Amino acid sequence: MSISSSVNTAIRGLAEAVAGTNEFMELKKAKVYLKRNQKLDAMMNEFERKQQAMSSPGISQQEAQSLMMELSEDYENMIKIPEIQAYFNTSENFNKMFAEAMQSLHEAIDYNLN
């Protein structure tokens, strides 16, 4: 099953609209700043690697608990770094905005179903 061209066009339009939001631009700015700093970039990459490992199939409960403790400790240390705190904050703001957009999309689709 493929997506119709009209849906594909609408998705591209939505992506452009999202990319034009303050939340997206601030997130992009924070991410670019981190990428330019090798130490901070490496810290974020390792943090994200651990987050992904948490949801990998086959991870044992003990491994998951250990990773969760590491992530919690890493987060507490990383949040003290202003540039990383800014990234986490802008990421949270973007995620909230995007969740609201998806809720609006869901409501629009639901409206058309009734």
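Whatever comes next refers back to the structure up there.
Chemist: Any chance you could explain the overall build of the chain here in plain terms?
Modeler: Looking only at helices and strands, one finds five helices and zero strands in the chain. Ordered by position from N to C terminus, the α and β elements of the chain give α-α-α-α-α. Relative to its length of 114 residues, the chain is extended, with a C-alpha radius of gyration of 18 Å against a globular reference of 13 Å. C-alpha extents for the chain along the principal axes are approximately 45 × 35 × 25 Å. Look at the contacts in the chain between residues 6 or more apart in sequence, and 60% of them connect residues 24 or more apart.

Chemist: How should I be thinking about the pattern of salt bridges in this particular structure?
Modeler: Close approach of charged atoms allows side chains of opposite charge to pair. Counting across every chain of the model gives six salt bridges. Glu70 serves as the salt-bridge partner of Lys50, at 3.1 Å between the closest nitrogen and oxygen. Of this pair, Lys50 sits in helix 3 (residues 38-54) while Glu70 is found in helix 4 (residues 61-78), placing the two residues 20 residues apart along the sequence. Where Asp74 meets Lys50, a salt bridge forms, and the shortest distance between an N and an O atom there is 2.7 Å. Of the two residues, Asp74 is situated in helix 4 and Lys50 in helix 3; the sequence distance between them amounts to 24 residues. Grouping residues by exposure puts Asp74 and Lys50 together as buried. Three or more residues joined by partner-sharing salt bridges are found here, namely Lys50, Glu70 and Asp74.

Chemist: Which parts of the structure should I look at to understand the nonpolar core?
Modeler: Across soluble globular proteins, you tend to see nonpolar side chains buried next to one another. Counting 15 residues, the largest nonpolar core has Leu34, Met44, Met78, Ile84, Tyr87 and Phe88 as the members making the most contacts within it. Those elements that place two or more of their residues in this core are helix 2 (22-36), helix 3, helix 4 and helix 5 (82-113). If one sorts the elements of this core by residue count, helix 5 sits on top with five residues.

Chemist: Got a minute to help me understand the layout of surface pockets in this structure?
Modeler: In this approach the atoms are scanned with a rolling probe the size of a water molecule, which exposes any empty space left behind. By volume, the largest pocket is sized at about 150 Å³. Lining of the largest pocket is provided by Met44, Phe47, Glu48, Gln51, Tyr75, Tyr87, Phe88, Asn89, Ser91, Glu92 and Asn95. When contributions to the lining of the largest pocket are tallied by element, the ones reaching two or more residues are helix 3 and helix 5. When residues in the lining of the largest pocket are grouped by element, the largest group, six residues, is from helix 5. Looking at the lining of the largest pocket residue by residue, the class counts come to five nonpolar, four polar and two charged.

So, how was this worked out
- Residues numbered from 1 in each chain as written.
- Predicted model: local features only at pLDDT ≥ 70, side-chain atom pairs only at ≥ 80, totals over all residues.
- Heavy atoms only, no water.
- Helix = DSSP H or I, 4+ residues; strand = E, 2+ residues; numbered from the N terminus.
- Rg over C-alpha atoms; globule rule 2.2 N^0.38 Å.
- Contact = heavy atoms within 4.5 Å.
- Salt bridge = Lys/Arg side-chain N within 4 Å of Asp/Glu carboxyl O.
- Buried < 20%, exposed > 50% of the residue type's maximum accessible area, 1.4 Å probe, protein only.
- Core = buried A, V, L, I, M, F, W, Y, C linked by side-chain atoms within 4.5 Å.
- 1 Å grid on protein atoms, 1.4 Å probe; cavity = no way out; pocket = protein on both sides within 12 Å on 5 of 7 lines; lining within 4 Å.
- Points joined across faces, edges and corners; volume = space filled by probe spheres on them.
- Nonpolar A, V, L, I, M, F, W, Y, C, P; charged D, E, K, R; others polar.

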